[in-house]
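# An overview of the molecular structure
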Amino acid sequence: MSTKEEIEFPVRFEDLPGFSGRFTVDEAEVWSGNNIPHDIDSRLEDLSESSEQSQDDINFLYSAIHAVADLSDAQRRLLNEALYNRAHQMLETCQDDPQSATIEDKAGASKAFYLLAHYCTLMERVFKATPTDASVSTTAAKKKKTKASSTSYIWPEWRFTCLNLFHKLLDGDARALFAMGIMPENFVMLFWKYTLQLLEEKPAGMSGVGTAEQASKKLCIAVLLLACKHVSAGASTGVTVLMTGLLDSACSQEHMAAPIAEICRSSGVGSALVSELMSEVARLNMTELSKGNGSGARNIGCFLIAVASVYPEMIALYLPLIMHHMDSDVYQIRCAIITAMGSTIAFIHQQCQAEMAKEQSSPTGESVGEGNEDSDDVGSGKFNMRQFMRLRDDMVDMLIERTHDVSAYARAAVLKVWISLVEAEALPVVRFGSVAEVALDRLKDKVASVRKSATQLLTAQLEFNPFSGSLNVAHFVTLRAELERRIKERMELLAEEVQATTEKDENKSAVRVKKEKGEADDDEEEEELFGDEEPENTDLAVMFQEDAEIVAMTAELSKCVSCLELLQSVHTAVPKIGAMLSSKTTSDVLEALRFFTRTMNFGIKGSAAFLHQTFSSIWHQEESIQLECLQTFFHVYVSDGGEGSGSSLLPSNEIAFNLVQLALRCSLAELTSVEKLIGEIFVRAKDSGNSGATVAQQAVFKKFSKQAPAVIQALWQMATISSRSNQQGAAADQEKVPLRGPLMVLKMIASSVDVAKLSNQVFPTAKVKVLCKLALENVQSVDTPSAMDDIRVAAICLQACSSFVEASQCSDDELQAVLISAAERLALVVCDKFQKFDNEEMTRAWFAMCEEAVSAVFRLHSTPDVFLGKMIMSTYTSWAAATSSEALDIVIKTRLARFMFLCGQGALSSLLYTEKIANSAKKSLEAKSKSKREEDKAKKDATGEEVSEVDDMEEEMGLTAMADAEHEREFNKVVEVELVANPGNLLGSFHPFIAFVVANGSGEFSDPLVREAAVLALCRYMSVSSVLCEEYLALLFTVLERETNAAIRTSIVIATGDLSFRFPNAVEPWTARMYDRLSDECLLVRYNTLMVLTHLILNDMIKVKGQVSAVVMCLNDPSEDVCGLARLFFTELSKRSNNPVYNLLGDVISTLSRDKTAPVLNESEATVTPSEEVVKVALIADSNTREHRELTPVEFNTTMHFLLSFVTKDKQADSLLERLLVRMAAAVSIKQRRNLAFCISELPITDKGVKRMTELLRQMKDCLFDKDIVEYLKQVVAKAKKTTGKASAGCEVKEAATEFEDFVKSVVEENLEDIDGENVLPQAANSLTSASGNHKKNKKAATTKKAPARKRKPKKVVEESSSEDESEESDCELSEEEQDDDDVAVTKQKNAASASTNEASAAEIFIAIGNLTLRCERKFLRD
């Protein structure tokens, strides 16, 4: 068939009628819903069975396809069958025997496929427009095995069938239908447009994740790939059309990136389609694509990423074309190119590794990767390793440069690329140091996502480092020096060999010259030798480069240097990442925890201290942080540090040793967190299905649950060995572990695990006996503070054993006897065994041991009060004996300190023991009463008689409650009087002496150890009895004021907190003295004072009012710990329902904004007019508040910015704004006005606030002579213009803001000279400072001007606000006890103010303040 005989196809199906070609339907009818033929069903059935095709059949099929929307499902099925069967039969006829197929057969087949393709396209529109059909899924259709299935029409199934037929057509030889072997563009366009439409729109049957849906997607991609091949084989116009369609699809649909990338991979790098596509991507205007929702540029970026992941060779070749997009202002495309470069770098690394492996395995030793270096044919199959490595280095340099991108998304993308390269081991070893420097630099980024990625990069570099399993800096420094020495020696050796060879050759050459030419001149010989010098050096350098040993050592040296650069960056990053542990961003904390896990696994120096800081994260509010902290602890001390299922547990002995060493190294504060962590590990081991943990984490905990008993057994073995080593001395080859180590860990486990589960775990009966014996053995050798500490921990464990015995109701007489014996031995240690060690170090160790030993005696012994009396008398006798025998001064002091400490601890333990007995007695009485009621009820039910009606009446009348109250009174009587306040008992007879030592009137008891013990003992006495508390409070606070020892002041501050909880009414008058310690010169005192006040205030034990300024001053403390605690205090306080921070702001601003250098009004100047008198009284009262350090402007701004951020409600902002405006107008110093103006600028401005500012603008005229105040007000105006309100009120707000701005500008212009000069406040006519000097002269004039002014109705500052605001403002301005004073005077002044109608003046504005401050007048005058 010639070219002229080839059939042509119209582009559009609607153009088929009247088409000037061999394929036309001129006589076809146009059907609609009304004129569809009645015999269409039979006609379609006949066409389905017939293989012949006439023009009438084509016309009929065209009409049916055109009216497919109006056909029924049965008719569509028949039409689909007819089109499919005819196309299938004709295709088989042509493909089975192409030579015998006639021209009519081929034309008929192509026409059939043309009609079928258009039918599928139109059917998709119909299917999309009918939601009911779309809801029928392919899977559901397959389940319908009924008789009606033969008549039903499920389009997704037929679509899949038609796609298979299209694939068969395109996959076969084109010459079966077309003589030239090339399919026409319009014909192929039908198939790739249809499949591309399916992939874009994802209709029902292709949008799911089922097997059928996935098969349809793959079939569409296969058809599209075959269509692309046929298009590429034809004219270039078809390629351009296809490329345009693919590019439009990539721009419009994000999910099309993967299919189009697959098409590019199948087409090949050198194909015309890929070349056109990448050239068009390079020509795109990303700025235009990003307009609107920005999906165009983002989708193109997804396409580039998809291409790089499946076909990185394409990016490697066409990267120069698209590199100019890196300068685009669209960050999405920059991020995409960065990610694509990462995939390309990983691909090049894999290829280089493969080529190097081939080169090493090549028998001839020839380089298989050496290609034409100038060749750019990347896809030709010839790999040029040098060219690719150069391209890789260029891309790496580009990525390093992009770490400083202006977009945080791009910076994070670069770091993520580095992470992927490190994890894929595709990063060159020599680049590890430079990449670590990049990560270190990004740790200070202000965006959390960038900091997160930077931390992840450093963690990944440690985890996947190619250097060593232990990154010890000293080892690599030594290795570097050794390699440099060896390289130098090797070079010297080669140089000597070359020199020897050269000299030998020169000698031979000289002999030969003499023989041939005779004697030569010396000059010529020297020139000849000199001329050969340069080639010798050149040959030597080449020899160095080619020497295999030098090359290997140089590569090892470069690796070592890169490792040292990495370690230097990691060491620098450790404190920076440690600071991230206190960040408010969750991702910062999580990544910091993971980082320190890896630093500990690889032995990074200095990371252990920061790891201890991570322990406190177990108390974090975020559950994810708690779980990550637990995982960090687990990976460092329990497992080998592996992730997920790859993690394996350490041996039981090693786990026990790690936990013991950790317990010994931790501070007291860290031990609390460690106890929580160890307990959580054992609890989760018992319950491996805990919530919050991943499946892998649960598997690890489940694995540890099987090993937990072995860990506990290992701890007991360590305790036994430690006890024996203390008695006999440790072996030379055995590391000595103090007894307290394993006992501390055992106690931590016992404190967290349920007591019912301890019988076979931590403290079984046999182990309790072992523990008692261990404690008894150590009693024999108490000669060091360490041994004393062992006894202390043993006493703690014995208390835990006592709890176990009580909970399990153990009746073992032997065990009870052992416990009592242990208590007696502990008492012996406290009394007698320590008397020979009279020094301060042992005494302080004795304090800690004595505290736990006495507590253990009260828990273990049946008569602890008897033993307490013996211990006190023993220590008292020892001190008295030393005093009478004139022993050394240190002996007397240490024994006196021990005696007083024991008295204080005995008083506190007696209180706890008494409460325990009282509670037990109360529970016993309640149980007895309940048992009696139950017996009476049972008897009543059995006999039917009413019994104990009196008891029921007593319970109804509250007599039972009265009995409980009587029991409580008896208990209080014992505690308040009998325990420590009664001079007739042992403890009560010593508190006067202890108070005498604390007072130290004669200065005899000035030793720090004695005073610390005496103060602590007195505080414990006071915490027992309110009588002693009230008696000695004055003494205690006097010592607090005068004491020079910071430790004693700290102890008193902490004790006052305990006393406030016990007896709040007694301590309340002394609260101001506690606030004074916030300005103590010692950091420890300030921190503990703030901590105590924080707990008291947040637990509603004391109220914070006038002293809040002292807490505010802590926000500017030199110590970061104090500042952080103060911020935490205000943050927690603001979470209360009534927002107390807002109520305190009035006093805070008044105190902090006051200028100490401002003139203070005297009493004579404050008695001119009632309105001005009220204001002056308020100002004078402010000046009498407690003095604090004056803040600098920067400190004031920072402080108020933080505090005013808690004002979130509009009503609160309006109320505070109004008060600040009035105060600023009444201020007498420029500094105070600046401070108030800054506070106004920090407030949120509402509609009401803008209007109020406009009303008071005349009274603010004097404030506009200062540049700073004007700038603050400009900020307020700018903020006011952004205020959004209702549409009706929006214009009013804008007009008010404009009016205020115009007024400010006019005043500034009038006083331009003053503003340009020095910032000096002028003596305005209505200012208080100028008015006060003229009051005596103008008293009569002022009185006459005041009369009509009282008739004007001023703005009601308080009355206009809600009742909630009134209560808040009253807390801010007045105290509760002053609210009932002068009610009549206030009422008269309000009535007089409401009758005013004349223009306001400055004095009249002060009446508003008078309404709030008049009640203070009498109290102020009385004071």
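Computed from a prediction, not measured in an experiment: that's the story for all the values here. (Residues numbered from 1 in each chain as written. Predicted model: local features only at pLDDT ≥ 70, side-chain atom pairs only at ≥ 80, totals over all residues. Heavy atoms only, no water.)

## Some points on the overall build of the protein chain
Applied cut-off: Helix and strand definitions follow DSSP, with helices as H or I runs of at least four residues and strands as E runs of at least two, each counted in order from the N terminus. Here, two residues are considered to be in contact whenever any of their heavy atoms come within 4.5 Å of each other.
Of regular secondary structure, the protein chain possesses 63 helices and zero strands. When contacts within the protein chain are restricted to residue pairs at least 6 apart in sequence, long-range pairs at least 24 apart make up 75% of them.

## Comments concerning the packing of aromatic side chains
Inclusion rule: Geometry of aromatic contacts follows a simple scheme: Phe, Tyr and Trp rings, the Trp one being its six-membered ring, pair when their centres are within 6.5 Å, and the pair is stacked under 30 degrees between planes, edge-to-face over 60, tilted otherwise. Burial classes: relative accessible area under 20% of the type maximum marks a residue as buried, over 50% as exposed, and values in between as partly exposed (1.4 Å probe, protein chains only). A ring has a charge above it when a Lys NZ or an Arg CZ is no more than 6 Å from the ring centre and no more than 35 degrees off the ring normal.
Tallying each qualifying case throughout the model produces 32 aromatic pairs. When the ring of Tyr331 is compared with that of Tyr409, the centres are 4.7 Å apart and the planes differ by 20 degrees; the resulting orientation is stacked. One end of the pair, Tyr331, is in helix α16 (residues 331-361); the other, Tyr409, is in helix α18 (residues 408-423), with 78 residues separating them in the sequence. With relative accessibility at 30%, the residue Tyr331 sits in the partly exposed group. A connected cluster of aromatic rings, assembled from ring pairs, spans Phe113, Phe166, Phe187, Phe191 and Tyr194. Over the ring of Phe60 we find Arg43, and its NZ or CZ is 4.4 Å from the ring centre. A cation sits over an aromatic face here: Arg1127 above Phe1202, 4.5 Å from the ring centre.

## What to know about helix α1 (residues 40-49)
Defined as follows: Working note: the arc is built from the helix axis to C-beta atom directions.
Those residues of α1 lying buried are Ile40, Leu44, Leu47 and Ser48. Seen end-on, α1 carries its buried residues on one side only, within an arc spanning 100 degrees. Where α1 is buried, its residues touch α2 (55-66) and α3 (73-96).

## So, the pattern of salt bridges
Side chains that differ in charge, positive against negative, can pair when their charged atoms come close. What counts is decided by this rule: Should a side-chain nitrogen of Lys or Arg be within 4 Å of a carboxyl oxygen of Asp or Glu, the pair is scored as a salt bridge.
Throughout the structure, instances matching the rule amount to 44 salt bridges. A salt bridge links Lys168 to Glu92; its shortest N-O distance comes to 3.8 Å. Placement of the pair is Lys168 in helix α7 (residues 155-171) and Glu92 in helix α3, with a sequence separation of 76 residues. Lys168 gets classed as partly exposed once you look at its relative accessible area, which sits at 34%. Under the relative-accessibility criterion, Glu92 is labelled partly exposed at 32%. Because the salt bridges share partners, they merge into one network encompassing Arg411, Asp441, Arg442, Lys444 and Asp445.

## Let's talk about a negative patch on the surface
Quick note on the threshold: Within this analysis, patches are made of residues with over 30% relative accessible area and no salt bridge. Like charges are joined at 9 Å or less; nonpolar side chains (Val, Leu, Ile, Met, Phe, Trp, Tyr) at 5 Å or less. Surface accessibility follows the Shrake-Rupley procedure with a 1.4 Å probe radius. Residue values consider only the protein chains on display as shielding. Positive charges are assigned to Lys and Arg, negative charges to Asp and Glu, while His and the chain termini are left out of the count. Just so you know, the charge point we use is NZ for Lys, CZ for Arg, CG for Asp and CD for Glu.
Taken together, the side chains of Asp39, Asp41, Glu45, Asp46 and Glu49 make up a negatively charged region of the molecular surface. By the element assignment, Glu49 lies in helix α1. Given a relative accessible area of 67%, Glu49 falls into the exposed group.

## Thoughts on unusual backbone geometry
Phi at Lys202 is positive, roughly 45 degrees, even though this residue is not glycine. Position of Lys202 among the secondary structure elements: in the loop between α8 (185-201) and α9 (211-233). Judged by relative accessible area, which is 37%, Lys202 ranks as partly exposed. In this structure, Asp1100 takes a positive phi of about 60 degrees despite not being glycine. Note that Asp1100 resides in the loop between α46 (1083-1098) and α47 (1108-1113). Residue classification places Asp1100 among the exposed positions, given a relative accessible area of 58%.

## Some points on the packing of helix α28 (residues 652-665) against helix α31 (residues 740-752)
Counted only if it meets this: For helices, the fitted line uses only the C-alpha atoms of the stretch in contact; every axis is such a line through C-alpha atoms, and the angle between N-to-C directions lies from 0 to 180 degrees. Any angle between 65 and 115 degrees counts as roughly perpendicular, while under 35 counts as roughly parallel, over 145 as roughly antiparallel, and the rest as oblique. Three classes are used, and their members are as follows: Ala, Val, Leu, Ile, Met, Phe, Trp, Tyr, Cys and Pro are nonpolar, Asp, Glu, Lys and Arg are charged, and the others, Gly among them, are polar.
Two elements in contact, α28 and α31, have axes separated by 8 Å at closest approach and are oriented at 100 degrees. Classified by the interaxial angle, the pair formed by α28 and α31 is roughly perpendicular. Facing Leu659, Val660, Ala663 and Leu664 of α28, the residues of α31 in contact are Arg740, Gly741, Pro742, Met744, Val745 and Met748. Grouping the constituent residues of the contact of α28 with α31 by class yields eight nonpolar, one polar and one charged.

## Structural notes on the layout of surface pockets
So the rule is basically this: Cavities and pockets are found on a 1 Å grid laid over the protein atoms alone: a cavity is a set of points where a 1.4 Å probe fits but cannot escape, a pocket is an open set with protein on both sides within 12 Å along at least five of seven lines, and a lining residue has an atom within 4 Å of such a point. Grid points are joined across faces, edges and corners, and a volume is the space filled by probe spheres set on the points.
Considering only enclosed or pocket space, the second largest pocket measures out at about 1800 Å³ in volume. Lining the second largest pocket are 37 residues, and of these Leu581, Ser582, Ser616, Gly1124 and Leu1128 sit closest to its centre. Broken down by element, the residue count for the lining of the second largest pocket peaks at nine residues, all from helix α48 (residues 1120-1134). In the lining of the second largest pocket, the residues fall into 14 nonpolar, 15 polar and eight charged.

## Details of the nonpolar core
Definition in use: In plain words, nonpolar cores are sets of buried Ala, Val, Leu, Ile, Met, Phe, Trp, Tyr and Cys residues tied together by side-chain atoms within 4.5 Å.
Of all hydrophobic cores here, the largest spans 385 residues; its most connected members are Phe166, Phe303, Trp418, Phe704, Phe1130 and Met1200. A total of 14 residues in this core trace back to one element, the largest contributor, which is helix α4 (residues 103-129). Contact partners of Met1200, with chain neighbours within four places excluded, come to Leu1145, Val1148, Ile1149, Leu1152, Phe1238 and Cys1239.

## Quick notes on the confidence of the model for the protein chain
Rule in force here: Per residue, pLDDT measures the predictor's confidence, with a range of 0 to 100.
Averaged over every residue, the pLDDT of the protein chain is 76; the share at 70 or more is 73%. In this model, residues 132-150 is a region of pLDDT below 50 whose contacts with residues beyond four sequence positions or in other chains number 16 contacts. Confidence drops under a pLDDT of 50 for residues 1285-1289, and excluding neighbours within four residues, the segment shows two contacts in the predicted structure.

## Focus: the environment of Val414
Structurally, Val414 is set in helix α18. C-alpha separation for the pair Val414 and Thr403, spaced 11 residues apart in sequence, amounts to 6.1 Å.

## Digging into the environment of Ala823
If you trace the backbone, Ala823 turns up in helix α34 (residues 813-831). According to the relative accessible area criterion, Ala823 is buried, its value standing at 0%. For the pair Ala823 and His861, spaced 38 residues apart in sequence, the C-alpha separation works out to 6.2 Å. Beyond its immediate chain neighbours, meaning those up to four positions away, Ala823 contacts Val857, Leu860 and His861.

## Quick notes on the side chain of Arg442
Inspection of the secondary structure assignment puts Arg442 in helix α19 (residues 432-442). Among the residues examined, Arg442 registers a relative accessible area of 11% and is labelled buried. Those residues in contact with Arg442, other than ones at most four positions away along the chain, are Thr403, His404, Arg411, Leu415, Val450, Arg451 and Ala454.

## Brief notes about the environment of Ser290
With respect to the element layout, Ser290 can be found in the loop between α13 (286-289) and α14 (295-310). Classification of Ser290 as partly exposed rests on a relative accessible area of 24%. Taking the C-alpha atoms as reference points, Ser290 and Val330, 40 residues apart in sequence, are found 6.9 Å from one another.

## Points about helix α12 (residues 272-283)
Convention followed: Expected helix span is given by 1.5 Å per residue-to-residue step, counting one fewer step than there are residues.
Relative to the 16 Å expected for 12 residues at 1.5 Å per residue, α12 spans 16 Å between its end C-alpha atoms, a close match to the ideal helical length. Within α12, the full set of buried residues consists of Leu273, Val274, Leu277, Met278, Ser279, Val281 and Ala282.

## Some thoughts on the packing of helix α20 (residues 448-463) against helix α24 (residues 548-579)
For clarity, the threshold we go by: The hand of a helix crossing depends on one turn: near helix anticlockwise from the far one by less than a right angle means left-handed, and clockwise means right-handed.
Axis separation between α20 and α24 bottoms out at 11 Å; the angle between their running directions is 135 degrees. With respect to α24, the axis of α20 lies oblique. When you trace α20 past α24, the crossing you get is left-handed. Contacts between α20 and α24 involve Thr455, Leu458, Gln461 and Leu462 on the former and, on the latter, Leu566, Val570, Ala573 and Ile577. Along the lines of polarity and charge, the residues of the contact of α20 with α24 split into six nonpolar, two polar and no charged.

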